[in-house]
Amino acid sequence: MKTTDYLIIGAGASGLAFADTLLGESDAEVLLIDRRAKVGGHWRDAYSFVRLHSPSAYYGVDSLPLGQNRIIASGRNTGFYEQATGAEVCAYFETVRASRLEASGRAHFLARSEFLDHHGGTASIRHTGSGEIEQIGVRRRVVDARYQEASVPATHVPSYAVDQDAAFAPIGMLPGRAGEHRGFIVIGAGKTAVDACLWLLDAGIDPERIRWVRPREMWFTDRAGMQPLDQVASIINGLADDAQAGAQARTLVDLCHRLEDVGRLMRIDSDIEPTMYRGTMLSLAELSALRQIENVIRLGHVKSVEAGRLRLTDGDVATGPGTLVIDCSARGLASSPPVPVFAEDTITLQQLRHNSPTFNAALLGFIEAHGDDAAEKNRLAPPNPYASTPRDMATMFTRTWVSEQLWQGQPDIRGWIEHSRLNLLGGLAERMEDAAVKAAAGRFATHVATAVARLPQLA
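Residues numbered from 1 in each chain as written. Predicted model: local features only at pLDDT ≥ 70, side-chain atom pairs only at ≥ 80, totals over all residues. Heavy atoms only, no water.

Caption draft 1: Representation of the overall build of the protein chain. When its secondary structure is counted, the protein chain shows 12 helices and 19 strands. A compact globule built from 459 residues would reach a C-alpha radius of gyration of about 23 Å, and the protein chain, at 23 Å, matches this within 12%. With respect to the principal axes defined by its C-alpha atoms, the protein chain has extents near 60 × 60 × 40 Å. Residues counted as buried form 53% of the 459 residues belonging to the protein chain. Excluding contacts between residues fewer than 6 apart, the proportion of contacts in the protein chain whose partners are at least 24 apart in sequence is 73%. Accessible area of the protein chain: about 19,000 Å², with a carbon and sulfur share of 50%. Mean positive and mean negative side-chain charge positions of the protein chain (47 and 55 charges, respectively) differ by 2 Å. (Helix = DSSP H or I, 4+ residues; strand = E, 2+ residues; numbered from the N terminus. Rg over C-alpha atoms; globule rule 2.2 N^0.38 Å. Buried < 20%, exposed > 50% of the residue type's maximum accessible area, 1.4 Å probe, protein only. Contact = heavy atoms within 4.5 Å. Areas by Shrake-Rupley, 256 points an atom, 1.4 Å probe, with all protein chains shown as cover. Lys, Arg positive; Asp, Glu negative; His and termini not counted. Charge placed at Lys NZ, Arg CZ, Asp CG, Glu CD.)

Caption draft 2: Broad picture of the pairing of strand 2 (residues 30–33). Burial of strand 2 is two-sided: the residues Val30 and Leu32 facing one way and the residues Leu31 and Ile33 facing the other way are all buried. Looking at chain direction, strand 1 (residues 2–9) and strand 2 are connected through four bridges and run parallel. Paired with Leu7 across the bridge in strand 2 is Leu31. With respect to chirality, the unit in which strand 1 leads through helix 1 (residues 13–25) into the neighbouring parallel strand 2 is right-handed. Pairing between strand 2 and strand 3 (residues 107–110): four bridges, direction parallel. Residue pairing for strand 3: Ile33 is matched across the bridge by Leu110. (Pairing = 2+ DSSP bridges. Right-handed = clockwise from strand over helix to strand, strands pointing away.)

Caption draft 3: Just the pattern of salt bridges, in detail. Here the structure, examined in full by the defined rule, presents 34 salt bridges. For Arg223, the salt bridge identified is with Glu286, shortest N-O distance 2.9 Å. Pair noted here: Arg223 is in the loop between strand 11 (218–222) and helix 5 (233–248) and Glu286 is in helix 7 (residues 284–290), with a separation of 63 residues, a long-range link. Across this residue pair, the class does not change: Arg223 and Glu286 are buried. Here Arg443 makes a salt bridge to Asp241, at a shortest N to O gap of 3.0 Å. On the criterion of sequence distance, the pair formed by Arg443 in helix 12 (residues 435–458) and Asp241 in helix 5 is long-range, its members being 202 residues apart. By relative accessible area, which is 23% here, Arg443 ends up partly exposed. (Salt bridge = Lys/Arg side-chain N within 4 Å of Asp/Glu carboxyl O.)

Caption draft 4: Spatial organisation of the nonpolar core. Counting residues in hydrophobic clusters, the biggest one holds 82 residues, and the most contacted among them are Phe18, Val30, Leu32, Phe93, Val186, Trp212 and Ile326. Membership of the second largest hydrophobic core comes to 37 residues, among which are Ala387, Met396, Ala441 and Leu458. (Core = buried A, V, L, I, M, F, W, Y, C linked by side-chain atoms within 4.5 Å.)

Caption draft 5: Fine view of the layout of surface pockets. Taken as a whole, the second largest pocket spans an internal volume of roughly 870 Å³. Residue lining of the second largest pocket: 35 residues in total, with Arg353, Glu404, Gln408, Leu425 and Leu428 positioned closest to the centre. Breaking the lining of the second largest pocket down by element, the ones donating at least two residues are helix 5, strand 13 (276–282), helix 10 (390–408), helix 11 (411–419) and helix 12. Among the elements that make up the lining of the second largest pocket, the one with the highest residue count is helix 10 (six residues). Split into classes, the residues belonging to the lining of the second largest pocket amount to 18 nonpolar, 11 polar and six charged. (1 Å grid on protein atoms, 1.4 Å probe; cavity = no way out; pocket = protein on both sides within 12 Å on 5 of 7 lines; lining within 4 Å. Points joined across faces, edges and corners; volume = space filled by probe spheres on them. Nonpolar A, V, L, I, M, F, W, Y, C, P; charged D, E, K, R; others polar.)

Caption draft 6: View of helix 2 (residues 86–101). Taking 1.5 Å per residue as the helical rise, helix 2 with its 16 residues ought to reach 22 Å, and the 21 Å between its terminal C-alpha atoms agrees with that figure. Looking at helix 2, one finds that the buried residues are Gly86, Val89, Cys90, Tyr92, Phe93, Val96 and Leu101. Among the structural elements, helix 1, strand 2 and strand 3 are those in contact with the buried residues of helix 2. (Expected span 1.5 Å × (residues − 1).)

Caption draft 7: How the structure looks around the environment of Ser104. Among the secondary structure elements, Ser104 is positioned in the loop between helix 2 and strand 3. A C-alpha to C-alpha distance of 9.9 Å links Ser104 and Asp20, two positions 84 residues apart in sequence.

Caption draft 8: Structural detail: the packing of helix 1 against helix 8 (residues 357–370). The contact between helix 1 and helix 8 brings their axes to 7 Å, and the two run at 35°. Helix-helix and strand crossings are classified by hand; for helix 1 and helix 8 the assignment is right-handed. Across the interface between the two elements, Ala13, Ser14, Ala17, Phe18, Thr21, Leu22 and Glu25 of helix 1 pack against Pro357, Thr358, Ala361, Ala362, Leu364, Gly365, Phe366, Glu368, Ala369 and His370 of helix 8. Of the residues belonging to the contact of helix 1 with helix 8, the class tally is 10 nonpolar, five polar and two charged. (Axes fitted to C-alpha atoms, helices over the stretch in contact; angles between N-to-C directions. Left-handed = near helix turned anticlockwise from the far one by under 90°.)

Caption draft 9: Representation of the sheet that holds strand 13 within the structure. Read across the open sheet, the three strands follow the order 12-11-13; overall the sheet is mixed. Looking at the sheet topology across the chains shown, the edges are occupied by strand 12 (265–266) and strand 13. Here strand 11 pairs with strand 12 via two bridges, running antiparallel. When the bridges of strand 12 are listed, Thr221 appears paired with Leu265. Along the sheet, helix 10 contacts strand 11, strand 12 and strand 13; its crossing angle with strand 13, the most-contacted strand, is approximately 75°.

Caption draft 10: Spotlight on the packing of aromatic side chains. Taken as a whole, this structure holds 11 aromatic pairs when the rule is applied. Cluster of aromatic residues (ring-pair linked, three or more members): Trp43, Tyr59, Tyr92 and Phe93. Across the ring face of Trp212, the terminal group of Arg214 is positioned such that the distance to the ring centre comes to 4.4 Å. (Phe/Tyr/Trp six-rings, centres within 6.5 Å; stacked < 30°, edge-to-face > 60°. Lys NZ or Arg CZ within 6 Å of the ring centre and 35° of its normal.)

Written as structure tokens, this is what we have:
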């Protein structure tokens, strides 16, 4: 029977980031399993034109940079740090597996394997190709890296019915099907729908030929305020804006409008109050392009896609001949309820600092490597569920700031964070002599305590 210290379920970004740091900070052995044939998780299922919506500089595992920290020279994100393509992310994670994990001699990967259960130090897994069930001895813990697993277009099942004769495709089929059609209807209001619309515009499709089903509006984060390294002042200034708005806002709507006024949040339609927030980033140039699509369908949620029409909760829409309906309704990151990260024989990876998925997983690997008491580890790692609404956003900000205060009080954790390449505030300390950086840091310090006290009242 195979044995290991840690059995990690899911070899996606979080599972790999946790394993990478745990291996670097301890002498543990790990075994990663995944139902897919290769590491990379949902990136293996992504549509061909997907990119990171955050800079590559603070994504991936701690021990290996992703990309070259180049500045984008053309397009709608000119002047920002590079964002890896899906193919680049997948190739990077393969390198992580071979040169960082397996090269250590203490990590192994089992492909096409699914977790069944775990009792008394023995886990059962099924090899999906053969159906064989194997027992794995687990000396320490089972690590669940799937708890907040994303729902992505390739594996997502639409919540509405689709007639077999309808001209319909998930976003992944768009490049292959677009040439057959003159008109397009995009279903969804989040990042996936944004990617589909921008792809169509980049392909030269006239905005008048695109209709967009948006039953609700979303708040987006301005990409300019999330730039690392030499542009890290943008991040501390953005955090200061968040804290100041949180300290001064009278209502949730007021909070969002204050953040919009300082350029922190953006919305596509300025006449409609957004009810969604998922942390998705846009540049001003991307926002301007999306606003060219003026034919927005606001008849509620789609009930069915039929040949020649859409049925929605508040009415029907004729699709017309030559129109392709594109499904972009996959939810994305799961809004799973918070559970304790550290239990007697399990670790459940979850968000700690908002919008920093691989940083969180790596930090949990560090905490596990250096702690023995589950209660103390859980004190240092309070879960912070992903946001879906402005109310969730307010709660998420608060939980992040409380956790940051905890970490600053722990010299070992503070030191790891300061030197981690996954830390989006990396290099800030070296720039504190810059007047703008010092002013932003001071403004954050002035307002954060009041914001922590006030935001739960708004939420």
